[in-house]
Structures are given as structure tokens and as C-alpha cells.
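The residues making up each chain are set out below.
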Amino acid sequence: MEKPPPGHYIVAIDGVSGSGKSSTAKTVAARLGILHLDTGAMYRAVTFLALEKGFSPVQTVEIADMVEGLDWHADAKGKLTVDGRDLSGNIRTSAVTAAVSDYARIPEVRHALVPVQRRIGMRQPAVVEGRDMATVVFPDARFKFFMDASPEVRAERRVRELVSMNLPGDYAEVLKNLSERDSKDSGREHSPLVLAPDAEVIDTSGLTFEGQVAIIVDHVLKSLPSLTK
Ligand code: DC
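Residues numbered from 1 in each chain as written. Predicted model: local features only at pLDDT ≥ 70, side-chain atom pairs only at ≥ 80, totals over all residues. Heavy atoms only, no water.

Student: Give me helix H4 (residues 94–104): which residues, what numbers.
Tutor: Here H4 has its buried residues at Val96, Thr97, Ala99, Val100, Ser101, Tyr103 and Ala104. Next to the buried residues of H4 lie helix H2 (39–53), helix H3 (60–68), helix H5 (107–123) and helix H8 (171–187). (Buried < 20%, exposed > 50% of the residue type's maximum accessible area, 1.4 Å probe, protein only. Helix = DSSP H or I, 4+ residues; strand = E, 2+ residues; numbered from the N terminus. Contact = heavy atoms within 4.5 Å.)

Student: Go over the side chain of Thr204 with me, naming the residues and quoting the values.
Tutor: On the secondary structure map, Thr204 appears in the loop between strand E7 (200–203) and helix H9 (209–228). Excluding its chain neighbours within four sequence positions, the residues that come into contact with Thr204 are Ser19, Met147, Asp148, Ala149, Arg157 and Gln212.

Student: I'd like to hear about the pairing of strand E5 (residues 126–130), residue by residue, with values.
Tutor: Extensive coverage of E5 is indicated by the burial of 5 of its 5 residues. Sheet topology places strand E1 (residues 10–15) next to E5; 5 bridges connect them, and they run parallel. Paired with Ala12 across the strands is Val128, a residue of E5. With 4 bridges connecting them, strand E2 (residues 35–38) and E5 associate as parallel partners. Among the inter-strand pairings, Leu35 is bridged to a residue of E5, identified as Ala126. (Pairing = 2+ DSSP bridges.)

Student: Got a sec to walk through the packing of aromatic side chains? Specific residues and values, please.
Tutor: Counting across every chain of the model gives 1 aromatic pair. With 5.9 Å between their ring centres and 85 degrees between their planes, Tyr9 and Phe143 make a pair best called edge-to-face. One end of the pair, Tyr9, is in the segment before E1; the other, Phe143, is in strand E6 (residues 143–148), and 134 residues separate them in sequence. Looking at Phe143, the relative accessible area reads 1%, which means it is buried. (Phe/Tyr/Trp six-rings, centres within 6.5 Å; stacked < 30°, edge-to-face > 60°.)

Student: Just give me the short version of the pairing of E6, but keep the residues and values in it.
Tutor: Within E6, 5 of the 6 residues are buried, which leaves the element mostly enclosed by the surrounding structure. Pairing of E1 with E6, which is carried by 5 bridges, proceeds in the parallel orientation. Within E6, the residue paired with Ala12 across the bridge is Lys144. Judged from the 4 bridges that link them, E6 and E7 form a sheet pairing that is parallel. Of the residues in E7, the one forming a bridge with Phe146 is Val201.

Student: Lay out a negative patch on the surface in plain terms, naming residues and giving numbers.
Tutor: Side chains of Glu62, Asp65, Glu68 and Glu108 sit close together on the surface and give a patch of like negative charge. Ranked by residue count, the leading element in the negative patch is H3, at 3 residues. For Glu68, the position within the fold is in helix H3. (Patch = residues over 30% accessible without salt bridge, like charges linked within 9 Å, V, L, I, M, F, W, Y side chains within 5 Å. Areas by Shrake-Rupley, 256 points an atom, 1.4 Å probe, with all protein chains shown as cover. Salt bridge = Lys/Arg side-chain N within 4 Å of Asp/Glu carboxyl O. Lys, Arg positive; Asp, Glu negative; His and termini not counted. Charge placed at Lys NZ, Arg CZ, Asp CG, Glu CD.)

Student: Got a sec to walk through the site of the ligand? Specific residues and values, please.
Tutor: As a structural note, the neighbourhood of the ligand is formed by 18 residues, with Arg44, Arg110, Arg131, Asp132 and Arg188 the closest of them. Between a nitrogen atom of the ligand and a side-chain N or O atom of Thr39, the distance comes to 3.0 Å. One of the side-chain N or O atoms of Arg181 is found 3.1 Å from an oxygen atom in the ligand. When the ligand sits alone it has 460 Å² of accessible area, and the protein chains cover 98% of it. Ranked by residue count, the leading element in the shell around the ligand is H2, at 4 residues. Residues belonging to the shell around the ligand are distributed by class as follows: 4 nonpolar, 4 polar and 10 charged. (Near = heavy atom within 4 Å. Polar contact = N/O pair within 3.5 Å; in protein donor to acceptor, adjacent residues only side chain to side chain. Nonpolar A, V, L, I, M, F, W, Y, C, P; charged D, E, K, R; others polar.)

Student: So what's going on with the sheet that holds E6? Which residues, and what values?
Tutor: Ordered in space as E2-E5-E1-E6-E7, the 5 strands form an open sheet in which the pairing is parallel. Every interior strand has two partners, whereas the edge strands, E2 and E7, have only one. Geometrically, the sheet is characterised by an average inter-axis angle of 20 degrees between neighbouring strands, direction not taken into account. Helix H1 (residues 21–32) contacts E1, E2, E5 and E6 of the sheet and is inclined by roughly 175 degrees relative to E5. On top of the sheet, H2 reaches E2 and E5; it is set at about 40 degrees to E2, its chief contact. (Axes fitted to C-alpha atoms, helices over the stretch in contact; angles between N-to-C directions.)

Following this line, the structure appears as C-alpha cells:
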């Protein structure tokens with residue numbers, strides 16, 4: 001792994017779908033003034049591109065070839081482009097959400113994305129979020145959190161998020177999709193979602209958004225002086 005600059009630190013946030021990871025990670029990064037890397041967005045982008053080309057998840061040779069050739073760029077805030085395209089408006093649709101676990105489990109896809117995630121995260125202090133941040137991609141991260149919440153609370157949140165983006169959000173369908181993704185993400189052979197032994201678990205079911213952000217920001221700020229010594 002590339003040698004990080006002095007004072008560099010990683011805040012790794014893993015957790016289940018809909019635990020509030022993405023919005024929390026984004027706000028934590030903004031409060032700390034550091035980069036936010038949403039690795040789920042990278043797996044979603046690969047899924048969107050594979051669907052666009054008509055590749056089914058069994059076409060691993062074609063998908064591997066496509067992923068190896070992608071040029072990823074993150075700006076100072078972590079906004080991602082792939083081959084110069086901003087796909088943020090394309091990757092939250094139900095089609096991508098329903099298919100993403102089947103593409104994210106392909107070893108060649110993970111093999112291609114992990115070095116890119118490390119390269120982006122090691123350049124400057126960063127909040128990195130995903131499923132395998134604390135276990136596989138950044139096992140030496142200074143701060144490790146695992147966000148959890150009950151399936152019902154998570155489904156309600158996802159429906160609100162979809163509705164706010166003017167996308168259809170059916171509670172029963174969202175709950176079913178979340179449970180299916182949970183078991184696929186936890187049961188897959190390569191880099192499954194597992195709790196790192198040294199991660200702090202945050203159950204957000206009964207927490208306010210501010211509350212969950214504060215747990216992480218306070219924790220980091222308390223330890224920062226010792227990092228810069
Ligand atoms: O966090 P999210 O729902 O946007 O993630 C989309 C999918 O990508 C999800 O099914 C799990 C997968 N993922 C992964 O396998 N590894 C990561 N580091 C991040 C996401």
C-alpha cells in the first residue's frame with residue numbers, strides 16, 4: 001500500500017444497507033473537512049455500466065475487462081467520475097439497486113476496485129464507507145465504525161430517500177430487497193460484510209441523525225491531537 005502523507009488518517013465506516021452510513025459518512029467528512037469516499041457508489045457505477053452494456057453477472061470475462069479499463073477520479077471532496085462521467089444520477093435506480101449485489105460479489109470486480117479505493121483514500125485524510133473498509137481495504141484504519149439498524153427502520157429510511165429523489169418507493173418491496181441484499185452481502189465468498197473485531201458498533205435504530213454523526217466526530221476529534229504529534 002502507498003505510504004500516506006504525515007497526519008493522514010482513515011475513518012472506516014462499514015455497515016448494512018440503509019443503516020444511514022452514506023449520509024452519516026458524508027456529514028462526518030464535511031465536519032472534519034476531509035474526503036468522503038462512497039465505495040458502494042463505485043460498485044453501483046460498475047453495475048450501471050455492466051447493465052448499460054447488457055452484461056449479465058455471469059459474463060465475468062467481459063465485466064473484468066470493462067472494470068480493468070475504467071478510469072476513476074475523485075475530486076477534493078470525493079465526488080467520483082468514471083471515464084469522465086458523473087454517474088451519481090444513474091446509480092440509485094431500483095434496477096441498479098436490485099442487481100448490485102450480484103456484480104459486487106464478482107472477485108474480478110473487487111480485485112479491480114480495491115486498489116483504486118486505496119489510492120484515493122491514502123492521498124489525504126478520508127472517511128471511507130462500504131462493507132469491507134475496516135476488514136479488507138483499510139485494515140489499519142485509525143478509526144473503525146460499524147453501523148447497524150433494524151430492517152424496518154432501514155426500509156422506512158430508504159423509502160423516504162427514494163421519494164425525495166422522485167423515485168418510486170414501495171415499503172414492502174424495499175424491505176424485501178434490503179433483506180436479500182443483506183444475505184447476499186454477508187454470505188458471499190469474497191470480502192463479505194463482517195464486523196471488524198476492533199470496530200465500534202453504532203446501532204442507529206433509536207438515534208437521531210445528529211446523534212450518530214456526533215458519536216463519530218467526537219470520537220475522532222478527541223483522538224486527533226495524538227495523531228499529529
Ligand atoms: O452502500 P450501498 O447500498 O450503496 O452499496 C451498494 C452495494 O455494493 C451493496 O449491495 C453492497 C456492495 N458493496 C460492497 O460489496 N462493498 C463495498 N465496499 C461497498 C458496497
